[in-house]
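Residue-level listing of the chains:
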Amino acid sequence: MAKTIQAVRGMNDCLPTQSSLWQFAEQAVRNTVAAYGYSEIRTPIVESTDLFKRSIGEVTDIVEKEMYTFDDRNGDSLTLRPEGTACVVRAGNQHGLLYNQEQRLWYMGPMFRHERPQKGRYRQFHQFGVEVYGISDAHADAEVLMMSAYLWKQLGMTEHVRLELNTLGDNHERAEYRDALIAFLEQHLDVLDEESKRRMYSNPLRVLDTKNPDVQAILVNAPKLSDHLGEETTQHFSKLCELLDLAGIQYTVNERLVRGLDYYNRTVFEWVTDSLGAQGTVLAGGRYDGLVEQLGGKASPAVGFAMGIERLVLMLETLELVDTSLSAVDVYVCALGDNAQSQAMIISQSLREQHSDLRIMKHNSGGNFKKQMKKADQSSAKIVLLFGDDELENDSVTVKYLREDKPQSTMTMSELSTLLEEL
Ligand code: ATP
Ligand code: MG
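These numbers were taken from a predicted model, which means no experiment stands behind them. The residue numbering used here restarts from 1 in each chain and proceeds along that chain's sequence as written. Chains carry letters and ligands carry numbers; both start at the beginning, A for chains and 1 for ligands, and go up in the order they are written. At least 70 in pLDDT is required for a residue's local features to be given in this predicted model, at least 80 for side-chain atom pairs to be given and counted, and no such filter applies to totals for whole chains, interfaces and linings, which use all residues. Neither water nor hydrogens contribute to the side-chain values; these are computed over all heavy atoms in the structure.

A. Spotlight on unusual backbone geometry. A positive phi angle, near 55°, is found at Asn 100, a position not held by glycine. Secondary structure elements are taken from DSSP: a helix is a run of H or I of four residues or more, a strand is a run of E of two residues or more, and numbering for both begins at the N terminus. Relative to the helices and strands, Asn 100 resides in the loop between helix H4 (85-94) and strand S5 (103-112). To sort residues, take the accessible area from a 1.4 Å probe on protein chains only and compare it with the maximum for the residue type: under 20% means buried, over 50% means exposed, and anything in between is partly exposed. Asn 100 sits in the exposed class, given a relative accessible area of 69%. Unlike most non-glycine residues, Glu 320 shows phi in positive territory, near 50°. Tracing the chain through its elements places Glu 320 in the loop between helix H11 (309-318) and strand S12 (331-335). By relative accessible area, which is 70% here, Glu 320 ends up exposed.

Structural data, given as structure tokens:
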């Protein structure tokens, strides 16, 4: 026998047993964005490599080692998108959606990063994200956070997630802080590991994010970003905190929170959970006021977030928040004999058109009554409609109940219609 071909490592199939959970999560997302009046944007999965180098930053985990980059047949360097924001900004600039305009956008779809696969971390994964352009007021930051809180509520997850918040200041403040931080790190070269040393000049804030306990220990005395923030940044942040208080959204300020992408300024945040082990960040985002200009557009403030759908689905599963036993079929249609089979097919079709909310499965593989009833049972349908020669002659149908203790009964087609209305 030929060897079977496996999926690419770190890229998952979503099997029929899991798809109802995915659909539940995706529906909650759609309901949430609709409740806030956001519009969907869809962009290609493949973009020019330059787009991600210029936006995410050359010295970030993503660009340094996680991108799926290849030359196409023309020799152009292309990359499977590792995230959505750069793509949305590219599209917004290209189609003139951002200059001097407000946009409230959302997207959902696959992203690709060559990471070490583990629970909650895959090479193809899915993100839902929102992006608000053209509003620098802290009300926009507050709204995207309220929207994420609303989503947790829709999913019944509120008590399983918590919000961490920080402000990174503007570029000028960050540059000042960078210098102070580099000067501090230079005094501790003996403790820094290779990665921290490599990053300390290119992206020193990322050193704050280290998992190395020795480095963490010296960082306790490192200069604080909050000491370098100016009046406007501080006001923006306290306005946001005030709005969250007003909305009853709890948060903790985590001064170590810096995020892995270069383009953030001012607000950054993460919603984290304890129910997934190591990959605890479910949703992350912040403000990126410089990105539109950095990618060639006229400057426009922006704020948004991205959520990992696999992590969300894992949470729904772990916490058993969704009833996945729900069946995909309400009515199973059986027929005995060739003529009855064909007629039942046409009747099933007109029933689908009359009762568009019902899920009607027609038996298509012949066999005797016993075989057909076995399939009906496996389908998890509530009732079986049975057509034999007698029924067809009398324009009637026999109804059998699979989940209720009721006797079978033969009825006219108009009686059936009434029964299906109430199913
Ligand atoms: P992490 O710290 O977990 O690597 P990140 O900082 O790389 O996350 P972002 O780029 O901000 O994450 O992406 C936002 C969200 O997308 C994450 O919080 C997570 O839920 C999800 N995500 C990111 N990378 C992966 C992945 N490889 N597999 C599954 N989900 C992912
Ligand atoms: Mg990552």
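Picking up where we left off.
B. Quick peek at the pairing of strand S11 (residues 302-308). When you tally the buried positions in S11, you get 7 out of 7 residues, the bulk of the element. Residue alternation in S11 divides its side chains into two sets, Ala 302, Gly 304, Ala 306 and Gly 308 and Val 303, Phe 305 and Met 307, and both sets are buried. Only when DSSP finds a minimum of two bridges between them are two strands counted as paired. In the sheet, strand S6 (residues 124-133) pairs with S11 via 7 bridges, with the strands oriented antiparallel. From the neighbouring strand, Val 130 faces S11, where its bridge partner is Phe 305. Of the strand pairs in this sheet, strand S10 (residues 281-287) and S11 are connected by 5 bridges, and their pairing is antiparallel. From the neighbouring strand, Ala 284 faces S11, where its bridge partner is Ala 306.

C. Representation of a nonpolar patch on the surface. Patch definition: residues with relative accessible area over 30% and no salt bridge; like charges joined within 9 Å; nonpolar side chains (Val, Leu, Ile, Met, Phe, Trp, Tyr) joined within 5 Å. Residue-level accessible areas treat just the shown protein chains as cover; the underlying method is Shrake-Rupley with a 1.4 Å probe. Just to be clear on terms, a salt bridge is a Lys or Arg side-chain nitrogen sitting within 4 Å of an Asp or Glu carboxyl oxygen. On the surface, a cluster of nonpolar side chains totalling about 210 Å² of accessible area is made up of Ile 45, Val 46 and Phe 70. By the element assignment, Phe 70 lies in strand S3 (residues 68-71). According to the relative accessible area criterion, Phe 70 is partly exposed, its value standing at 36%.

D. Highlighting the packing of aromatic side chains. Ring pairs shown here join Phe, Tyr and Trp side chains whose ring centres sit within 6.5 Å, with only the six-membered ring taken for Trp; geometry is labelled stacked below 30 degrees between planes, edge-to-face above 60, and tilted in between. Counting across every chain of the model gives 7 aromatic pairs. Arranged with centres 6.4 Å apart and planes meeting at 65°, the rings of Trp 106 and Phe 128 form a pair that is edge-to-face. Pair noted here: Trp 106 is in strand S5 and Phe 128 is in strand S6, with a separation of 22 residues, a long-range link. There is no split in this pair, since Trp 106 and Phe 128 are both buried. Relative to Trp 271, the ring of Trp 152 lies with its centre 5.8 Å away and its plane at 70°, an arrangement referred to as edge-to-face. Taken together, the positions of Trp 152 in helix H5 (residues 138-155) and Trp 271 in strand S9 (residues 265-273) put the pair 119 residues apart, joining distant regions of the chain. This pair shows no difference in class: Trp 152 is buried, exactly as Trp 271 is. Put simply, the rings of Trp 106, Phe 128 and Phe 305 touch in pairs and so form one group of aromatic residues. Look at NZ for Lys and CZ for Arg. If either is within 6 Å of the ring centre and within 35 degrees of the ring normal, a charge sits over the ring. One cation-aromatic arrangement involves Lys 298 over Tyr 99; the distance from NZ or CZ to the ring centre is 4.7 Å.

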